[in-house]
Amino acid sequence: MKKMKLVMIGNGMAGVRTLEELLKIAPDLYDITVFGAEPHPNYNRILLSPVLAGEQTLDEIVLNPLGWYAEHGITLHLGRQVVQIDRVRREVVADDGTRAPYDRLLIATGSLPFILPVSGKELDGVITYRDIADTQAMIDAAQRHRHAVVIGGGLLGLEAANGLMRRGMDVTVVHIAPWLMERQLDDVAGRMLRQSLEARGLHFEMGAQTQALLAGDDGRVRAVRFRDGREIPAELVVMAAGIRPNTELAERAGLHCQRGIVVSDTLQTVTDPRIYAVGECAAHRGVAYGLVAPLFEQGKVCATHLAEFGIGRYTGSQVSTKLKVTGIDLFSAGNFMGGEGTEEIVLSDPTAPNGGVYKKLVLQGDKLVGACLYGDTVDGSWYFKLLREGRPVADIRDRLMFGESNIGDAGHEGHHRAAAMADTDEVCGCNGVTQGAICKAIKDKGL
Ligand SMILES: Cc1cc2nc3c(=O)[nH]c(=O)nc-3n(C[C@H](O)[C@H](O)[C@H](O)COP(=O)(O)OP(=O)(O)OC[C@H]3O[C@@H](n4cnc5c(N)ncnc54)[C@H](O)[C@@H]3O)c2cc1C
């Protein structure tokens, strides 16, 4: 029987995960063709930060080596950007003229970094932080230059700054908001984070507005000028001030886009049911996600529909955040800022060893709706589980702050009953981190 043709645009984390899910359930349904603008097989983009910090190598972060594509009969076009989707002929066209017809098309083009519209943005030494090429450019710059400025004190900016500092650069983070990671942390945790990072050697310009990037005689950036007229030296400027869904190709093909390519609960574009979109480029119920966990959930649902099982709907995700800076533990999820109609349970010990401990749990009625943890994140995934399940916590409210291990049966004591659990049961909410290893060991030994 002639197979249907599936073409995927974008060889990144969400797209390839969708293919993996599809191959598990319908390995023979499609002839698959993949176009990737980057010259690399699918790699773990999240781990670019440990690579930058010198903790991992590029080889170690490859998720699907070339052999994987060959093994599954996938035609892979690396280093080729798709420049047109012809919906009438049902084919895509790449920048080198390659054409690929499709019965189903999967768009997984990710995001583009937001470039601050300031003069000097096109100078040598001004880069963004998104892929292997950017990471390599930062590693090279760190060998030849001294001063780096990172614009943006969010997750990405801080990981870039930490990595450059670990590679010997003198790094200043410029952040417009009053505290760091203001979308993931409240002001107390944000300020504690800043103190810890300052103690490690990072510099901060908070509330500062970048006005221009100034060129040196060699055409390379040499300084950043702020609106108040001050200048600081910078031979490398990393723009990490946000991302926007990469929708240009879809828009040109007439697909409805609004803060992303608009998709239904089946991850089909609302304009053309033959065309699917997953990952950071997709807008589902008005939300374009920027973290992998929800994108993998999308991939799973999308795969069942591509496999023509037609089961499963994607109804949106709750997200949680961690920062990958070794030695700094922070976690946040849900409505961690609280507000009207909510109550907060707070534990604060700013002088605890290693930069202090701060924990805030936000409750609404008898449910946990948000958590912000700094310094001690052992219970982060347990709180996240409670939050996602919407389980009433009134009966454990007095012990909630002290973590899962203080809840008796529901907590780590319960692990002694692990032998009685099915292999697929979640042993605890710790996600294999910290106690997770112990929990798994207990379970494996059948204790
Ligand atoms: C440094 C860094 C650290 C991160 N850390 C975390 C973290 O700790 N936790 C977390 O959850 N998330 C993190 N993220 C975010 C996470 O990596 C993304 O959410 C995820 O990679 C998005 O997957 P995607 O497939 O939508 O996009 P991507 O992985 O970006 O893949 C899209 C691919 O499509 C290609 N492409 C685009 N247009 C075309 C075209 N026209 N033709 C062909 N190919 C095209 C792109 O080149 C790219 O390779 C981090 C991101 C970065 C950059």
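> What's the story with the overall build of the protein chain in this structure? I'm lost.
A tally of helices and strands in the protein chain yields 11 helices and 25 strands. For 447 residues, the compact-globule estimate of 2.2 N^0.38 gives 22 Å, and the C-alpha radius of gyration of the protein chain, at 24 Å, lies within 12% of that figure. When the backbone C-alpha atoms are referred to their principal axes, the protein chain occupies close to 70 × 65 × 45 Å. For the protein chain, the residues scored as buried account for 41% of the 447 residues in total.

> Teacher, can you tell me more about the environment of Gly290 here?
By the secondary structure assignment, Gly290 is in the loop between β20 (282-284) and α8 (292-306). In contact with Gly290, other than residues within four places in its own chain, are Ser111, Ile243 and Glu280.

> Whenever I open this one, the site of the ligand confuses me. Can you help?
Taken together, 34 residues lie near the ligand, and Gly10, Gly12, Gly110, Gly279 and Leu291 sit nearest. Mapped onto the shell around the ligand, the elements with two or more residues apiece are α1 (13-25), β2 (30-36), α2 (48-52), α5 (155-166) and α8. When its residues are assigned to classes, the shell around the ligand shows 16 nonpolar, 12 polar and six charged. Both domains that meet at the shell around the ligand, namely domain 1 (4-47 + 55-112 + 244-306) and domain 2 (126-241), each give it at least three residues.

> Even after reading the chapter, I still don't get α8, so can you show me in this structure?
Side chains that are three or four residues apart share a direction in an α-helix, a result of its 3.6 residues per turn. The end-to-end C-alpha separation of α8 is 20 Å, in line with the 21 Å expected for 15 residues at 1.5 Å each. Buried residues of α8: Pro294, Leu295, Gln298, Gly299, Val301, Cys302, Ala303, His305 and Leu306, and no others. Buried residues belonging to α8 abut β1 (4-9), α1, β7 (104-107), β19 (275-277) and β20. Just past α8, the residue Glu308 takes up positive phi, approximately 65°.

> Quick question: what am I supposed to make of the nonpolar core here?
Within soluble globular proteins, side chains that are nonpolar generally end up buried alongside one another. Val150, Ala160, Leu193, Val237 and Val238 are the most contacted members of the largest nonpolar core, which totals 64 residues. Looking at this core, the element that brings in the most residues is α5, giving seven residues. Each of domain 2 (126-241) and domain 3 (329-444) gives at least three residues to this core. Residues Leu23, Leu255, Val262 and Ala283 belong to the second largest nonpolar core, which totals 49 residues.

> Help me understand the sheet that holds strand β14 (residues 221-226) in this model?
Neighbouring strands of a sheet are bound in pairs by backbone hydrogen bonds; such pairs are parallel or else antiparallel. The strand order β13-β14-β15 describes an open sheet built from three strands, whose pairing is antiparallel. Lying at the two open borders of the sheet, with one neighbouring strand each, are β13 (210-215) and β15 (231-233). Taken pair by pair, the neighbouring strands of this sheet meet at an average axis angle of 25°, ignoring direction. With five bridges joining them, β13 and β14 adopt antiparallel strand pairing. Bridge assignment links Ala212 to a residue of β14, and that residue is Arg225.

> What exactly am I supposed to notice about the sheet that holds strand β6 (residues 99-101) here?
Strand order in this open sheet of three strands is β4-β5-β6, and the pairing throughout is antiparallel. Among the strands making up the open sheet, the edge pair consists of β4 (82-86) and β6. Averaged over all pairs of adjacent strands, the angle between their axes in this sheet comes to 20°, without regard to strand direction. As defined by bridge partners, strand β5 (residues 91-94) adjoins β6 across three bridges and the pair is classed as antiparallel.

The rules behind each value
- Each chain carries its own residue numbering, running from 1 in the written order of its sequence.
- Residues qualify for local features only when their pLDDT is at least 70, as the model is predicted, and side-chain atom pairs are given and counted only at 80 or more; totals for whole chains, interfaces and linings, by contrast, use all residues.
- Put simply, DSSP marks the helices as runs of H or I at least four residues long and the strands as runs of E at least two long, and each gets a number from the N terminus on.
- To get the radius of gyration, use the C-alpha atoms; to get the globule rule, take the number of residues to the power 0.38 and multiply by 2.2 Å.
- Any residue surrounded by 20 or more other C-beta atoms within 10 Å of its C-beta is treated as buried, while 12 or fewer makes it exposed and the intermediate range makes it partly exposed; C-beta atoms here are placed from the backbone.
- By the convention adopted here, residues are in contact when the distance between their C-beta atoms, placed from the backbone, does not exceed 7 Å.
- The rule is simple: place the C-beta atom from the backbone, and if it lies within 6 Å of a molecule or strand, the residue is near it.
- Here the nonpolar group is Ala, Val, Leu, Ile, Met, Phe, Trp, Tyr, Cys and Pro; Asp, Glu, Lys and Arg are the charged ones; every other residue, Gly included, is treated as polar.
- The source of the domain bounds is an automatic or database domain assignment.
- Multiplying one less than the number of residues by 1.5 Å gives the expected span of a helix.
- In this description, a nonpolar core means buried residues of the types Ala, Val, Leu, Ile, Met, Phe, Trp, Tyr and Cys, linked to one another by C-beta atoms lying within 7 Å.
- A strand pair is defined by DSSP finding two or more bridges across the two strands.
- Lines fitted to C-alpha atoms define the axes, with helix axes restricted to the stretch in contact, and inter-axis angles between N-to-C directions lie between 0 and 180 degrees.

The quantities given are spatial measurements derived from coordinates; they are silent on function.
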